[in-house]
Amino acid sequence: VAKKSHHGYAVYQPELDMHSPRQLSLMSQIEEAMQLEQLALYFQPKIRLQDGNVIGVEALIRWHHPGEGLIPPGEFIPQVERSTLIRPFTLWVIEHALMQCRQWQDLGLPTKVAVNISARNLLDSELPDDVEKLLVKHRVTPDYLELEITESAIVADPGRALDILTKLHDRGVHISIDDFGTGYSSLAHLKKLPVSSLKIDASFVSDMTEDENDAIIVRSTVDLAHNLGMNVIAEGVEDRETLDILKVLDCDYAQGFFICRPIPAADVTEWLRQHTP
Ligand code: C2E
Ligand code: CA
Ligand code: CA
Ligand code: CA
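Bear in mind that the values here come from a model prediction, so they are computed numbers and not experimental data.

Novice: Explain the overall build of the chain here, please?
Specialist: Looking only at helices and strands, the chain has 12 helices and 12 strands in total. For the chain, the C-alpha radius of gyration of 18 Å lies close to 19 Å, the compact-globule estimate for 277 residues. Dimensions along the principal axes, computed over C-alpha positions, put the chain at roughly 50 × 45 × 40 Å. Buried positions account for 48% of the 277 residues belonging to the chain. By element, 52% of the accessible surface of the chain is carried by carbon and sulfur atoms, the whole surface being about 13100 Å². Charge-centre separation for the chain: the mean point of 25 positive side chains lies 4 Å from the mean point of 42 negative side chains.

Rendered as structure tokens:
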């Protein structure tokens with residue numbers, strides 16, 4: 001059961017349906033879905049607020065299920081994240097994102113790709129080597145790959161996360177903190193992590209034109225990021241007003257339906273042709 005919050009985001013309630021027949025059935029089909037290429041990556045552009053130019057795209061998984069149609073990630077990612085399948089799954093996503101990245105470079109549209117990484121991936125000491133192999137295999141330089149990590153993923157085992165993220169960063173991969181402001185992460189940890197940008201959670205961004213407190217949180221996060229030498233990106237930008245305020249608040253980048261929805265790779269290629277300077 002995915003309940004809609006007042007922001008229109010699906011809130012997953014694990015205690016209700018983690019073991020429901022449907023969830024278990026989906027889990028048993030995910031490996032096959034990877035092999036049969038029923039999974040597909042959509043991509044959502046991120047732009048620089050100052051000039052509107054594209055700075056990269058975020059890969060978002062979609063499952064074209066033969067019987068159920070399009071299944072959104074909120075309905076199967078939480079289960080995959082709790083299982084050992086998360087390792088092959090994440091590597092599948094990274095590999096497909098890099099293949100697409102390579103293709104855009106070959107078309108003269110070099111574009112950074114961001115991939116979402118789960119908490120459990122940050123307990124996997126092989127991750128840096130696995131990522132390196134995929135970069136070499138697909139001839140993509142590490143600075144074209146960004147990994148988005150939530151605060152809660154780091155909190156699970158900060159020491160191990162720091163070790164893994166440092167190895168990735170040392171190889172040139174960019175790290176960003178996703179959903180910033182929604183999880184507990186101490187500034188002491190944040191300062192130590194090799195993070196290049198913070199993503200302000202959509203829950204603060206989507207209401208900031210009406211809710212003064214949200215606007216204050218966004219402003220504070222922009223200042224915090226800049227004071228720590230990081231870039232900052234606002235997600236969930238759904239209208240022009242929000243975009244304009246973010247510019248005034250000196251936010252660096254933005255992402256959201258107002259700019260572009262997550263779209264299939266072929267459509268992104270077209271979008272990039274129009275937005276690459
Ligand atoms: P996320 O990483 O926070 O991704 C942003 C979500 O917000 C995406 O939902 C995106 O479609 C949606 N979104 C983007 N702009 C707007 C907007 O302006 N308004 C609104 N209301 N929504 C917007 P999506 O694609 O359903 O993904 C949901 C979550 O599933 C992601 O949240 C991420 O946590 C997870 N996810 C998606 N793909 C992957 C993946 O490949 N691996 C992992 N581990 N998690 C993934
Ligand atoms: Ca993300
Ligand atoms: Ca997010
Ligand atoms: Ca999220």
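After that view, the rundown keeps rolling.
Novice: In this structure, what is going on with the coordination of the calcium ion (ligand 4)? I would like to understand it.
Specialist: When a metal holds four donors in a tetrahedron, each ideal angle between them is 109.5 degrees; when it holds six in an octahedron, the ideal angles are 90 or 180 degrees. Surrounding the calcium ion (ligand 4) are the protein donor atoms Asp179 (OD) and Asp179 (OD), at 2.7 to 3.1 Å. Taken as an interatomic distance, the gap from the calcium ion (ligand 4) to the calcium ion (ligand 3) is 3.9 Å; Asp179 donates to each of them. For Asp179, the location among the structural elements is in strand β8 (residues 174-180).

Novice: Hey, could you run me through the packing of aromatic side chains in this one?
Specialist: In this structure the tally under the stated criterion is two aromatic pairs. Geometrically, the ring pair formed by Phe43 and Trp104 is edge-to-face, given 5.1 Å between the ring centres and 75° between the ring planes. One end of the pair, Phe43, is in strand β3 (residues 39-48); the other, Trp104, is in helix α4 (residues 86-106), and 61 residues separate them in sequence. Here the aromatic rings of Trp63 and Phe76 are separated by 5.2 Å at their centres, their planes lie at 85°, and the arrangement is edge-to-face. Of this pair, Trp63 sits in strand β4 (residues 54-65) while Phe76 sits in the loop between β5 (69-71) and α3 (77-81); the two residues are 13 residues apart in sequence, bridging distant segments of the chain. Each member of the pair, Trp63 as well as Phe76, carries the same accessibility label: buried. Sitting above the plane of the Tyr42 ring, Arg62 keeps its charged end 5.4 Å from the centroid. In this structure, Arg261 is placed above the aromatic ring of Phe257, and the distance from its NZ or CZ to the ring centre is 3.8 Å.

What counts, and where the lines are drawn
- Going along each chain's sequence as written, the residues are numbered from 1 onward.
- Whichever chain is written first is A, and whichever ligand is written first is 1; the rest continue in order.
- Local features in this predicted model are restricted to residues of pLDDT 70 or higher, and side-chain atom pairs are both shown and tallied only at a pLDDT of 80 or more, whereas totals for entire chains, interfaces and linings draw on every residue.
- Each side-chain value is derived from all of the structure's non-hydrogen atoms; neither hydrogens nor water enter the calculation.
- Counting from the N terminus, the helices are DSSP H or I runs at least four residues long and the strands are E runs at least two residues long.
- Within these notes, the globule rule equals 2.2 Å times the number of residues to the 0.38 power, and the radius of gyration is based on C-alpha atoms.
- For the exposure calls, accessible area comes from a 1.4 Å probe over protein chains only, and a residue counts as buried if that area is under 20% of its type's maximum, exposed if over 50%, partly exposed in between.
- Using a 1.4 Å probe, the Shrake-Rupley method yields the accessible areas, and only the shown protein chains count as cover for residues.
- When charges are counted, neither His nor the chain ends are considered; positive counts come from Lys and Arg and negative counts from Asp and Glu.
- Where a charge lies is defined by one atom per residue type: Lys uses NZ, Arg uses CZ, Asp uses CG and Glu uses CD.
- Nitrogen, oxygen and sulfur within 2.8 Å of a metal are treated as its donors, or within 3.2 Å for sodium, potassium and calcium (Na, K, Ca); water is not counted, so a site can appear incomplete.
- Only centres within 6.5 Å qualify two rings of Phe, Tyr or Trp (six-membered ring in Trp) as a pair; their planes then separate them into stacked at under 30 degrees, edge-to-face at over 60, and tilted for everything else.
- Placement of a charge over a ring requires the Lys NZ or Arg CZ to be within 6 Å of the ring centre, with the centre-to-atom vector within 35 degrees of the ring normal.

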